[in-house]
Amino acid sequence: MFWLLVLMVFCNGLFMRTSTTSVSTRPNVVNIGAIFSFNSSIGKVAKVAIETAIKDVNENPAILNGTTLKIAMQDSKLSSGFLGIVEALCFMENDTVAILGPQHSVMAHVISHISNELNVPLLSFAATDPTLNSLQFPYFVRTTQSDLFQMAAVAEIVAYYEWRDVIAIYIDDDHGRNGVVALGDKLAEKRCKISYKSPMRPHLTQDDITNALVKVALMESRIIILHIYDAWGLKVLSVARNMGMLGSGYVWIATDWLYTILDTESSLSSPSAMDSIQGVLTLRMHTPNSELKSKFVSRWSNLTAGVGNTNNSPFRINTYGLYAYDSVLLLAHALDDFFKQGKNITFSNDLNLTEFRGGNLRFDAMSRFDGGAQLLENILQANMSGVTGSIKFTLDGDLIHPSYEIINVIGTGIRTIGYWSNSSGLSAVPPEKVNANPNGSSSNQPSLYGVIWPGQTTQKPRGWVFSSNGRQLRVGVPIRVNYREFVSQIEGSATFNGYCIDVFTAALDLLPYSVPYKFIPFGDGHNNPITQDLLHKITTGDFDVVVGDIAITTNRTKIVDFTQPYIESGLVVVAPVSKLNSSAWAFLRPFTPLMWCVTGISFLLLGVVVWILERRTNDEFRGPPRKQFFTIIWFSFSTLFFVHREKIASILGRLVLVIWLFVVLILNSSYTASMTSILTVERLSSTVKGIESLIASNDPIGYQSGSYIENYLSNELNILRSRLVPLNTPIEYEKALKDGPNRGGVAAVVDQRAKMELFLSARCEFGIVGQEFTKMGWGFAFPRDSPLVIDMSTAILKLSENGGLQRIRNKWLTRSACSSEGAKEDVDRLQLKSFWGLFLLCGSAGFLALLLYLIKMVRQYMRHSDGSSNKSFISFVKEKESDDADKMQSEESKSRAKRTRSDRVSNRIVHEDESLDGYNRGAYIVYEA
């Protein structure tokens, strides 16, 4: 029993001790600190906002339940280094639980190390460096928007206006460098880039600004991103205006430092300062309208009464002031949750600082905040509403729903041209409306409203000009040993000519600006240079553009950008060809033998059908069997020429004849068209039928050395490289084709159509066989994302529209040999050898008819010579066959008289039958009566 009582007492004491330690004791005062520059545009607004927030929190018992926040503010005086460290260390001697600030990112990097060591959360409402969110600084909490999102908005604007290169001017410190790095990453996502970076010292002078802007003015890009502090920004723009860099053609995009000045200052210090920002685009962190925000803004004039600049001019609230106010509210609610969780504010000595005990710097006086980790967790898990809207952090430590307003400075005022948010991108309406109604009428709004650019123009600037630093455009030109009509160098000079050169210079003449250039040869003049090596010179910076017979292929577009194609030139197969001459029996070729048989049988069947339908009613189809047979034959084949004379009496016969005549019309038309093609169109034959037959065979194939054709045939068409024979000149082409595969030559050559047309213009024994099996074109090659590509492509399209390309083509590529009309004169003129078969057929028919007629005459003469006639054979032939004619006429008269008598007898019998029938009817009537 004794031990049981002891155990109960021990457990009861343990329970009471545990309960006692879990109860939080709210202190009367909690110390917090603040570090920022009191006299800056951000600092003077933040000072009033923080003081107001402290007062509101202390006067509201619902927040800290009687605990008072006591703040100690330190003026960093625009310092971003050592003084900031000293001020932070002073806070740590006074048991500070959190620090508001610092204002500058550079100081935030330094003080974050102290916060990490002493577990004191650092709530910055103005440090926007994106790298402060890294795991290196766990106690840094950014209560404003990160520059990562601001740079994303800038990149979106650049891409929206279809610019590609920008220039970044920035202060060379943590804030400037890291912001520009973020800008470069976001631009790369849009296939844009920073073409030139202009860093400036943190402590600028007028000469530093001038020297930097002189270098910027020599660059090609006219899109300038100014990421700088508000203390120096207006000075940079003023110098730029004096240098003429705020005129037409320039685009200035200032980060939110500019709008911070415009938002804070009721009026700029001088009219010249306002003139220096005309047409500039700037950004401002967007905070949605709310009741809390409206109440706070309405109090601002009373809060700033008696507070002003050094010249006592009033100032307005800016967005950083709103975030400073919310930072105090956020910290107060986190402390309230800290106390509700049963935590106490306690400090302990940092063992790492004990070795500095006894020094004048008193490092041992600084204490570690024991509840710092819990307070930090409460801050990051906050979910509340403030004057800036919803206050909630992402897993990366950024505030949710980052968004910016895009502002255009016009005259003495500003104009909001649109918004950007990470959820909806660019829009003309606030992002909260877009998110609330994503499929509503706002989707029909333009992304951005119109802008008045520098120079008081509404036309979108091109964004770049050709460099004015005196450097010429370095144009690489391949020196080939063949097809000099395209590109060639005049011996003994640096002058080039040819089709490609003329197109390039004509396109340059159409540009709205002058482009100085110089041609640089590439190749030794003895062998064709490898095109891939030539294009690689662009990537290494040796050439600014390559002009020549450069085909646009997929692999090449991965390293360079091409203009609009200025000539189409796919791959074709060239092989030896022979003319397919028409034979004496060419007139039989339009129809196949089966077609001829079916056509002839159809003619005979038609004659039989019409004879059957007409013979009982049509005398022309009656008569002796021999006559009827020849009538059928004559009628059938005379319909071929529509010369039949027999009349068709029956309806069925006419129906059949109409349909047949339509068939005959189609047959005639088809035969005529096919026969015309056979006789007038040149027909070529070759053992090679096209690329398919080449692939299926094992014959060697020629190609132009140094071109992409070798890789294409091998990689794409799976042709063995051992079958591919490199050739340099047209003479080698001709010799290899004439020799053929049996004598060490090639069966065919694969090359681009434009070159093969030149090759064939003087070599009629070869020709293009099969179809063009690739669709490619030639273009001028530029570095990736070169702004010249778009302008040169536009110039090429203009040349195509105004006929300039055709005129240049006619100058260089038109030849008057085999491909001309004069060379085809023998093909177009019909020769006797194509028709002698027809003449033979007709002559044979005439001769046979005369032979039969002669035999008939001999027989008749022999019959007459048996009588008393003494006429010669010649006289007998000359006489008309009157006897036979009279005999035939007599026979016809007798036949006609016989038919007449038969008709009369039939009619008399009919009349007698009718009279007898009438008499019988009359007798019957009398009998009935």
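Thresholds, definitions, all that
- Residues numbered from 1 in each chain as written.
- Predicted model: local features only at pLDDT ≥ 70, side-chain atom pairs only at ≥ 80, totals over all residues.
- Heavy atoms only, no water.
- Helix = DSSP H or I, 4+ residues; strand = E, 2+ residues; numbered from the N terminus.
- Buried < 20%, exposed > 50% of the residue type's maximum accessible area, 1.4 Å probe, protein only.
- Contact = heavy atoms within 4.5 Å.
- Areas by Shrake-Rupley, 256 points an atom, 1.4 Å probe, with all protein chains shown as cover.
- Pairing = 2+ DSSP bridges.
- Axes fitted to C-alpha atoms, helices over the stretch in contact; angles between N-to-C directions.
- Salt bridge = Lys/Arg side-chain N within 4 Å of Asp/Glu carboxyl O.
- Parallel < 35°, antiparallel > 145°, perpendicular 65-115°, else oblique.
- Left-handed = near helix turned anticlockwise from the far one by under 90°.
- Nonpolar A, V, L, I, M, F, W, Y, C, P; charged D, E, K, R; others polar.
- pLDDT = per-residue confidence, 0-100.
- Right-handed = clockwise from strand over helix to strand, strands pointing away.
- Patch = residues over 30% accessible without salt bridge, like charges linked within 9 Å, V, L, I, M, F, W, Y side chains within 5 Å.
- Phe/Tyr/Trp six-rings, centres within 6.5 Å; stacked < 30°, edge-to-face > 60°.
- Lys NZ or Arg CZ within 6 Å of the ring centre and 35° of its normal.
- Core = buried A, V, L, I, M, F, W, Y, C linked by side-chain atoms within 4.5 Å.

## A word on the overall build of the protein chain
Then step 1. When its secondary structure is counted, the protein chain shows 30 helices and 33 strands.
Then step 2. Evaluated residue by residue, the protein chain yields a buried proportion of 45% over its 929 residues.
Then step 3. For the protein chain, contacts bridging at least 24 residues in sequence account for 73% of all contacts bridging at least 6.
Then step 4. Looking at the protein chain as shown, the accessible area adds up to about 48400 Å², and 56% of this sits on carbon and sulfur atoms.

## Examining the sheet that holds strand S17 (residues 425-427)
Then step 1. Strands sit in the order S7-S6-S8-S9-S10-S15-S16-S17 across an open sheet of eight strands; the sheet is mixed. The open sheet is flanked by strand S7 (193-200) and S17, the only strands paired with a single partner. Each neighbouring strand pair of the sheet contributes to a mean axis angle of 25°, computed without reference to strand direction.
Then step 2. Lying on the sheet, helix H7 (residues 174-189) is in contact with strand S6 (165-171), S7 and strand S8 (223-227); it crosses S6 at an angle near 165°.

## Comments concerning the pattern of salt bridges
Then step 1. Taken as a whole and judged by the stated rule, the model has 32 salt bridges.
Then step 2. Of the charged contacts, one joins Glu405 and Arg284 as a salt bridge, the two residues approaching to 2.6 Å between their closest N and O atoms. Within this pair, whereas Glu405 is found in strand S15 (residues 403-410), its partner Arg284 is found in strand S10 (residues 281-285), the two being separated by 121 residues in sequence. The burial state of Glu405 is the same as that of Arg284; both residues are buried.
Then step 3. For the salt bridge of Glu734 with Lys738, the shortest nitrogen-to-oxygen distance reads 3.0 Å.

## Looking at the packing of helix H2 (residues 41-59) against helix H10 (residues 257-264)
Then step 1. Put simply, H2 and H10 touch, their axes get as near as 9 Å, and they point 55° apart. Judged by the angle between their axes, H2 and H10 are oblique. Considering only the axes of H2 and H10, their crossing is left-handed. Residues Ser41, Ile42, Lys44 and Val45 of H2 form the contact with H10, whose own contacting residues are Thr260, Ile261 and Thr264.
Then step 2. A breakdown of the residues in the contact of H2 with H10 according to their chemical character gives three nonpolar, three polar and one charged.

## Brief notes about the environment of Trp812
Then step 1. Within the element layout of this structure, Trp812 appears in helix H26 (residues 804-813).
Then step 2. You can call Trp812 buried: its relative accessible area is 17%.
Then step 3. When the C-alpha atoms of Trp812 and Phe486 are compared, they prove to be 7.6 Å apart, with 326 residues separating the residues in sequence.
Then step 4. Those residues in contact with Trp812 that lie beyond four places of it in its chain are Glu485, Asn497, Gly498, Tyr499, Asp502 and Leu758.

## Observations concerning the side chain of Ser403
Then step 1. Examined against the element boundaries, Ser403 turns out to sit in strand S15.
Then step 2. Overall, the relative accessible area of 4% leaves Ser403 in the buried class.
Then step 3. In this view, Ser403 contacts Arg284, Met285, His286, Trp420, Ser421 and Pro431; residues no more than four positions away in its chain are not counted.

## Section: H10
Then step 1. The element H10 is largely enclosed, with a buried count of eight among its eight residues.
Then step 2. Residues of H10 that are buried: Trp257, Leu258, Tyr259, Thr260, Ile261, Leu262, Asp263 and Thr264.

## Quick word on the confidence of the model for the protein chain
Then step 1. Residues at a pLDDT of 70 or more form 80% of the protein chain, whose mean pLDDT is 82.
Then step 2. Note that residues 1-22 has pLDDT below 50 and, in this model, two contacts with residues that lie over four places away or in other chains.

## Description of the pairing of S7
Moving residue by residue along a regular strand, the side chains alternate between the two faces of the sheet.
Then step 1. In the sheet, S6 pairs with S7 via seven bridges, with the strands oriented parallel. Within S7, the residue paired with Ile171 across the bridge is Met200.
Then step 2. Handedness of the S6-H7-S7 crossover: right-handed.

## As for the sheet that holds strand S3 (residues 98-100)
Then step 1. What the five strands build is an open sheet, ordered S2-S1-S3-S4-S5; its pairing is parallel. Edge positions in the sheet fall to strand S2 (68-75) and strand S5 (140-142), since each of these pairs with one other strand and no more. The average undirected angle you get between the axes of adjacent strands in this sheet is 25°.
Then step 2. Packed onto the sheet, H2 meets strand S1 (29-36), S2 and S3 and runs at close to 165° relative to S2.

## Here's the deal with a nonpolar patch on the surface
Then step 1. On the surface, Leu655, Ile659, Phe662, Val663, Leu665 and Ile666 cluster together into a nonpolar patch covering about 560 Å² of accessible area.
Then step 2. The residue Leu655 is located in helix H20 (residues 651-680) in this model.

## Considering the packing of aromatic side chains
Then step 1. Within this structure, the stated rule accounts for 30 aromatic pairs.
Then step 2. Aromatic side chains Tyr483 and Phe486 sit 6.5 Å apart centroid to centroid with 65° between the ring planes, which places their arrangement in the edge-to-face category. Each member of the pair Tyr483 and Phe486 is classed as buried.
Then step 3. Between Lys47 and the ring centre of Phe38, over which it is positioned, the NZ or CZ distance is 5.6 Å.

## Things to note about unusual backbone geometry
Then step 1. Note the cis peptide between Gly101 and Pro102, where omega equals 0°.
Then step 2. Looking at the secondary structure, you find Pro102 in the loop between S3 and helix H5 (105-118).
Then step 3. The phi dihedral of Asp95 is positive, around 55°, even though this residue is not glycine.
Then step 4. Structurally, Asp95 can be placed in the loop between helix H4 (82-92) and S3.
Then step 5. When its relative accessible area of 35% is taken as the criterion, Asp95 is described as partly exposed.
Then step 6. Phi is positive for Arg191, close to 60°, though the residue is something other than glycine.
Then step 7. Position of Arg191 relative to the elements: it lies in the loop between H7 and S7.
Then step 8. Classification of Arg191 as partly exposed rests on a relative accessible area of 45%.

## A look at helix H16 (residues 499-509)
Then step 1. The buried fraction of H16 is high, at 10 of 11 residues.
Then step 2. The complete set of buried residues in H16 reads Tyr499, Cys500, Ile501, Asp502, Val503, Phe504, Thr505, Ala506, Ala507 and Leu508.

## Overview of the nonpolar core
Then step 1. Leu69, Phe125, Ile253, Leu331, Leu335 and Ile379 are the most contacted members of the largest nonpolar core, which has 105 residues in total.
Then step 2. Leaving out residues up to four positions away in the same chain, Leu335 has contacts with Val30, Leu64, Leu69, Val97 and Leu375.
Then step 3. If you look at the next biggest cluster of nonpolar residues, it comprises 75 residues, including Phe504, Phe519, Ile567 and Leu727.

## Here we look at the packing of H2 against helix H12 (residues 291-303)
Then step 1. Packing of H2 against H12 leaves a shortest axis separation of 12 Å and a crossing angle of 110°. By the angle class used here, H2 and H12 are roughly perpendicular. Each of Val45, Val48, Ala49, Thr52 and Asp56 in H2 lies in contact with H12, whose residues at this interface are Phe296, Arg299, Trp300 and Leu303.
Then step 2. A per-class count over the contact of H2 with H12 returns six nonpolar, one polar and two charged.

## Notes on the pairing of strand S14 (residues 389-392)
Then step 1. One ladder, built from four bridges, connects strand S13 (residues 383-386) with S14; its direction is antiparallel. Across the sheet, the residue bridging to Asn383 is Lys392, located in S14.
Then step 2. Connecting S13 to the next strand, S14, in antiparallel fashion are two residues.

## A look at the side chain of Ser427
Then step 1. If you trace the backbone, Ser427 turns up in strand S17.
Then step 2. Those residues in contact with Ser427 that lie beyond four places of it in its chain are Gly418, Tyr419, Val434, Pro446, Ser447 and Leu448.

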